[in-house]
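Here are the chains, one letter per residue:
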Amino acid sequence: MPPQDMTTAASPSGGAVPEHPGPEHLLDSLQHQVAVFARRAEQTRLGGVGQVRNSMDRAAYLLLNRLDREGPMGVKALAAGMGIDSSTVTRQVAPLVDTGLVKRTSHPEDGRAVVLQLSPRGQARLNEVRASRRELMSQVTDGWSDEERDTFCALLTRFNASLAARQAAYQSTQSD
């Protein structure tokens, strides 16, 4: 059994959960579980299983994934879609270009502009990592019903969307 402070059965302070927790307790518990999740995710890096486990950092995975799903794009578009600034994307993309996972090409309409594109090697590597992470998710949620997995995914997606919206709103107030 995991340590007491890692379970949902204990309050964030380590005490027992009240029979009918109030809104404050639920929010305390939620923030605690998110913090535990973040720590566990970083510890395992949710890297997957087998030889490809921990072989791709979070930033690389997210960049390659976005290029795969949305196609070639410029640094500014990639940064905007990820909610980070262009200098961060440029810094994170450099090693991906150096290792041949991403190609820099000229924009088809404006030859002066640079477009980032997933290379065939990058696509193959991304597919390996996805398969490994998919297997990890299967193992972690072994014993969960399809409905429980679907509900968890839907709620986590909604939670991430709320965080992204909050960050975007904050950034827009900073640029005014």
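Residues numbered from 1 in each chain as written. Predicted model: local features only at pLDDT ≥ 70, side-chain atom pairs only at ≥ 80, totals over all residues. Heavy atoms only, no water.

Digging into the packing of aromatic side chains
Definition in use: Only centres within 6.5 Å qualify two rings of Phe, Tyr or Trp (six-membered ring in Trp) as a pair; their planes then separate them into stacked at under 30 degrees, edge-to-face at over 60, and tilted for everything else. When accessible area is computed with a 1.4 Å probe and restricted to protein chains, residues below 20% of their type maximum are described as buried, those above 50% as exposed, and intermediate ones as partly exposed. In this scheme, Lys NZ or Arg CZ marks a charge over a ring once it lies within 6 Å of the ring centre and within 35 degrees of the ring normal.
Scanning all chains against the criterion turns up one aromatic pair. Arranged with centres 5.5 Å apart and planes meeting at 90 degrees, the rings of W144 and F152 form a pair that is edge-to-face. Residue classification places W144 among the partly exposed residues on the basis of a relative accessible area of 35%. Directly above the aromatic system of Y61 lies the positively charged group of R133, at a separation of 4.0 Å from the ring centroid.

Focus on a negative patch on the surface
Spelled out, the test is: A patch consists of residues exposed above 30% relative accessible area that lack any salt bridge, with like charges linked at up to 9 Å and nonpolar side chains (Val, Leu, Ile, Met, Phe, Trp, Tyr) linked at up to 5 Å. To be clear on the numbers: accessible area is Shrake-Rupley with a 1.4 Å probe, and residue cover counts the displayed protein chains and nothing else. Salt bridges, as used here, are contacts in which a Lys or Arg side-chain nitrogen is within 4 Å of a carboxyl oxygen on Asp or Glu. In this tally, Asp and Glu contribute negative charge and Lys and Arg positive charge; neither His nor the terminal groups of the chain are included. Here the site of a charge means atom NZ of a Lys, CZ of an Arg, CG of an Asp or CD of a Glu. What counts as a helix is a DSSP run of H or I of at least four residues, what counts as a strand is a run of E of at least two, and both are numbered from the N terminus.
A contiguous patch of negative charge on the surface is contributed by D146, E147, E148 and D150. Positionally, E147 belongs in helix α6 (residues 146-174). Judged by relative accessible area, E147 falls into the exposed class, the value being 64%.

Looking at helix α5 (residues 120-140)
So the rule is basically this: In this scheme, a helix's expected span is set at 1.5 Å multiplied by one less than its residue total. Contact definition: two residues touch when any of their heavy atoms are within 4.5 Å.
Between its first and last C-alpha atoms α5 spans 30 Å; for 21 residues at 1.5 Å apiece the expected length is 30 Å, and the two agree. Residues of α5 that are buried make contact with α2 (58-70) and β2 (114-118).

A few points about the confidence of the model for the protein chain
Here is the rule we go by: The predictor reports its confidence for every residue as pLDDT, a score running from 0 up to 100.
Confidence along the protein chain averages 83 in pLDDT terms, with 81% of residues attaining 70 or more. Per-element confidence in the protein chain is highest for helix α4 (residues 86-98), whose mean pLDDT is 94, and lowest for helix α1 (residues 23-44), whose mean pLDDT is 88. Considering only residues more than four positions removed or in separate chains, one finds that residues 1-15, a stretch of pLDDT under 50, has 24 contacts.

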